[in-house]
Amino acid sequence: PFLCTCLDVATTNSMMMKAAASLLFIAATAVSSFQVTSPVLVRSSISTNGPTTTSPLYASSETTVSTAQEILDDFHSSNLPFRIVVIGNGAILETTSKLGPKSKTSVSPKTGDKLLTFASEDASFEFHVKVDQITKITFVTSERPLPDGETKTMRVSRFLNEKGEPMCSLILADSSDESAEWFDGMNERYGNEVNL
């Protein structure tokens, strides 16, 4: 009887831990108070497409990451604010934030999808990207006319899926010379268009 009780307790504890993990995931994804079925916010299958590279942001020099993840890590490391635009089925979410300070990769235990997450210190802001669904990234600089006759330089990075549909856009929200130099450096490093 004692052995059976111990096994039952171990089984119950295991089930409770799995349930707690599921509830934490549900709570984390419900923070926005609505669901958007965009590849940026919802999980899907892992793809091994696209070139990979070694990123200095990860503990092991053996760790390889996709070019898409490397580019997003560069956005995170810049510590610059971006206007983040996520387009979903029937909804568009826009906010201005830095990508971080927290950054982590994870794999869904439920689906096996790889996620790159950027979060504020208190996790009141989280931006989840399904890195393996990004098939193209573009860097565009354009002039936008303002009502007073002046112009504003827009520096936009668009992340597209395999259908050529936008997953999200990151618009540089800082107009300083240093920010412009950073964006121009990204453009020089990766080119105007990155096909993955």
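So, here's what we can say about the structure. (Residues numbered from 1 in each chain as written. Predicted model: local features only at pLDDT ≥ 70, side-chain atom pairs only at ≥ 80, totals over all residues. Heavy atoms only, no water.)

### A closer look at the sheet that holds strand β6 (residues 114-119)
Strand order across the open sheet formed by three strands is β5-β6-β7, with antiparallel pairing between neighbours. Each having just a single partner strand, β5 (102-107) and β7 (126-129) make up the two edges of the open sheet. Adjacent strand axes in the sheet meet at a mean angle of 20° when their direction is disregarded. Pairing of β6 with β7, which is carried by four bridges, proceeds in the antiparallel orientation. The residue of β7 that forms the bridge with T117 is H128. (Pairing = 2+ DSSP bridges. Helix = DSSP H or I, 4+ residues; strand = E, 2+ residues; numbered from the N terminus. Axes fitted to C-alpha atoms, helices over the stretch in contact; angles between N-to-C directions.)

### Focus on the pattern of salt bridges
By the definition in use, this model includes four salt bridges. R189 is the partner of E70 in a salt bridge, and the nearest nitrogen-oxygen pair spans 2.4 Å. Pair noted here: E70 is in helix α2 (residues 67-78) and R189 is in helix α3 (residues 177-190), with a separation of 119 residues, a long-range link. With relative accessibility at 12%, the residue E70 sits in the buried group. Among the salt bridges present, the one from E94 reaches R83, with a minimum N-O distance of 3.2 Å. Linking E94 in strand β4 (residues 91-98) with R83 in strand β3 (residues 81-88), this pair joins segments that are 11 residues apart in sequence. (Salt bridge = Lys/Arg side-chain N within 4 Å of Asp/Glu carboxyl O. Buried < 20%, exposed > 50% of the residue type's maximum accessible area, 1.4 Å probe, protein only.)

### Considering the nonpolar core
Ranked by internal contacts, the top residues of the largest apolar core, which has 28 residues, are I71, F75, F82, F127, F139, F159 and L170. If you list the elements that add at least two residues to this core, you get α2, β3, β6, β7, β8 (136-145), β10 (166-172) and α3. In this structure, F82 is in contact with F75, T95, T96, S97, L99, L170, I171, L172, A173 and W182, ignoring residues within four places of it in sequence. (Core = buried A, V, L, I, M, F, W, Y, C linked by side-chain atoms within 4.5 Å. Contact = heavy atoms within 4.5 Å.)

### Let's talk about the side chain of S169
Among the structural elements, S169 can be located in strand β10. Judged by relative accessible area, S169 falls into the buried class, the value being 10%. Once residues within four sequence positions are removed from consideration, S169 is found in contact with R83, I84, V85, V156, S157 and R158.

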